[in-house]
Amino acid sequence: MQIISVENITKRFGNITAVDGITFGVEENSIFGFLGPNGAGKTTTISILCTLLDPTSGKAFLNGHDCSTESDAVRKSIGIVFQDSSLDKDLTARENLTFHARLYRVARAERKQRVEAALEFAGLQDRADDLIKKFSGGMKRRLEVARGLIHRPKVLFLDEPTLGLDPQSRAGLWEFITELPKKHEITIFMTTHYMEEAEVCDQIAIIDKGKIIASGTPQSLKKLVGGDVIYLRTSDNTKAADTLQKLFGLEAAEKDGEIFISTPRGDSCIPSIIREIGDTVLSVRMQRPTLNDVFLKLTGKAIREEIQTAGNDVKETVRSYRRRHDRG
């Protein structure tokens, strides 16, 4: 069952088309990755789903509610963890959670229990009454995710959730996040510029210049790049390349002293290559296609290029969301 359905959405700002007739769906209780270079239309699409913008044409539904005409119902169905921390550093962890629960009108009778459950879920019971300014980056992120769940949304939006964290904190947070769909029956809608993190997604959509240019599982997307790449360093690269062409029909190219070939199944091809030219092989390595290869092939950009200017967009989204939510 789809928890999010986007049907031919277009959004124009004057003469600029930010989103151009996109259609996609997100399955309930899954992890969905929304990837694209800066200016591709990610922020605009997410803003429509979060009721911050109305589309010029098309429809978007979240948890069965129209994002344009049922904004209150949609907002009750979502939680958001922004790229930049939105915790109040001069409040304690418990106070931040309590304030959020009141903001979302969690009933007084349930409020304390939900706050304590959120602290336990984030592993911060022993730091509940410490000021946020004393927390590490990883602790803040865990608290923000737990805070985003306190009103029991159906969809949690995560915008670059591990940006700025050290590798250990990133790994710990992802272990925390990947348990959410099963434990809380919640759908994760995420953006990230760490392509290895996108591997945890059940489905991915790549947007560029306002259009969805590819979608599917991580495995199916990687097939768009081609096969595995085998790199060989030999005592005679020219002769080795000729042999590979004659015996296997594999066209080899050379770069930085290595010859390399592309083949659908590198692991099964390597033994045959070694058997035929093993006496000349000095080294061999294989590289499988990555999501970063997919992203680069489809958009012509490395996703990390977009991070330099993404921060301002996120800050404005935070301000807009707070203004509109306060009015609602």
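Structure report, in brief.

**A word on the side chain of Thr44**
- Within the fold, Thr44 resides in helix α1 (residues 42-49).
- In this structure Thr44 touches Lys11, Phe13, Ala18, Val19 and Leu53, once residues within four positions along its chain are discounted.

**Some details on the sheet that holds strand β14 (residues 281-287)**
- Here we have 4 strands laid out as an open sheet, ordered β12-β13-β11-β14, and antiparallel in their pairing. The open sheet has two edge strands, β12 (253-255) and β14, and neither has a second partner. Adjacent strand axes in the sheet meet at a mean angle of 30°, parallel and antiparallel pairs treated alike.
- Here 3 bridges tie β12 to strand β13 (residues 258-263), and the two strands are oriented antiparallel to one another. Bridging from a neighbouring strand, Glu254 pairs with Ile259 of β13.
- This element, helix α10 (residues 237-248), spans β11 (228-234), β12 and β13 of the sheet and lies at about 15° to β13.

**Overview of the environment of Asp166**
- Mapped onto the fold, Asp166 is located in the loop between β7 (155-159) and α6 (167-178).
- Distance in space between the C-alpha atoms of Asp166 and Gly137 is 8.4 Å, their sequence separation being 29 residues.
- Only 3.1 Å separates the side chain of Asp166 from the backbone nitrogen of Gln168, close enough to count as a polar contact.

**A look at the sheet that holds strand β9 (residues 203-208)**
- Here we have 6 strands laid out as an open sheet, ordered β6-β7-β8-β3-β9-β10, and mixed in their pairing. Strands with a single pairing partner mark the edges of an open sheet, and in this sheet they are β6 (78-81) and β10 (211-216). With direction set aside, neighbouring strand axes in the sheet form an average angle of 20°.
- Pairing of strand β3 (residues 31-35) with β9, which is carried by 4 bridges, proceeds in the parallel orientation.

**So, α6**
- Between its first and last C-alpha, α6 extends 16 Å over 12 residues, near the 16 Å set by a 1.5 Å rise per residue.
- Taken residue by residue, α6 has Arg170, Leu173, Trp174, Phe176 and Ile177 as its buried positions. Projected down its long axis, α6 carries its buried residues within an arc of 155°, all on one side. Residues Gln168 and Glu175 are exposed on α6 and point more than 90 degrees away from its buried face.
- Taken together, the buried residues of α6 touch α4 (108-121), α5 (137-148), β7, α7 (180-184), β8 (187-191) and α8 (195-198).
- Looking at where α6 begins, the residue whose side-chain oxygen comes 3.1 Å from the main-chain nitrogen of Gln168 is Asp166.

**A closer look at the nonpolar core**
- With 44 residues, the main nonpolar core has Leu143, Val145, Leu156, Leu158, Leu180, Ile188 and Ile204 as its most contacted residues.
- In this structure Ile188 touches Ser30, Ile31, Phe32, Leu156, Leu158, Leu180 and Pro181, once residues within four positions along its chain are discounted.
- Counting residues in hydrophobic clusters, the runner-up holds 28 residues, among them Ile4, Val19, Ile78 and Phe157.

**Considering the packing of helix α3 (residues 93-103) against α5**
- For the pair α3 and α5, the least separation of the axes is 10 Å and the interaxial angle reads 25°. In terms of their interaxial angle, α3 and α5 are classed as roughly parallel. Here α3 runs over α5; the crossing is right-handed. Contacts from Ala93, Asn96, Leu97 and His100 in α3 reach Leu143, Ala146, Arg147 and Gly148 in α5.
- Classifying every residue of the contact of α3 with α5 gives 4 nonpolar, 3 polar and 1 charged.

Rules used throughout
- The residue numbering used here restarts from 1 in each chain and proceeds along that chain's sequence as written.
- Only residues with pLDDT of at least 70 get local features here, since the model is predicted, and only at 80 or more are side-chain atom pairs given and counted; chain-wide, interface and lining totals rely on the full set of residues.
- Each side-chain value is derived from all of the structure's non-hydrogen atoms; neither hydrogens nor water enter the calculation.
- Secondary structure follows DSSP: runs of H or I at least 4 residues long count as helices, runs of E at least 2 residues long count as strands, and numbering of each begins at the N terminus.
- Only heavy atoms enter the contact rule, under which two residues are in contact if any of them lie within 4.5 Å.
- Between any two strands, at least two bridges found by DSSP are needed for them to pair.
- Axes, fitted as lines to C-alpha atoms, cover a helix only where it is in contact. Angles between the N-to-C directions of the axes lie from 0 to 180 degrees.
- N or O atoms within 3.5 Å of each other form a polar contact, as long as, within protein, one can give a hydrogen and the other can take it, and as long as residues adjacent in sequence are counted only when both atoms are side-chain atoms.
- By this rule, a helix spans an expected 1.5 Å times one less than how many residues it contains.
- Each residue's exposure class comes from its accessible area (1.4 Å probe, protein chains only) as a fraction of the maximum for that residue type: buried when under 20%, exposed when over 50%, partly exposed otherwise.
- To obtain the arc, one takes the directions from the helix axis to the C-beta atoms.
- To qualify as a nonpolar core, a set must consist of buried Ala, Val, Leu, Ile, Met, Phe, Trp, Tyr and Cys residues joined through side-chain atoms within 4.5 Å.
- Comment on the angle field: the value is read as roughly parallel under 35 degrees, roughly antiparallel over 145, roughly perpendicular from 65 to 115, and oblique elsewhere.
- We call a crossing left-handed when the near helix sits turned anticlockwise from the far one by less than a right angle, and right-handed when that turn is clockwise.
- Note that Gly is not counted as nonpolar here; it falls among the polar residues with everything else outside the nonpolar set of Ala, Val, Leu, Ile, Met, Phe, Trp, Tyr, Cys and Pro and the charged set of Asp, Glu, Lys and Arg.

Geometric values such as these leave the question of function open.
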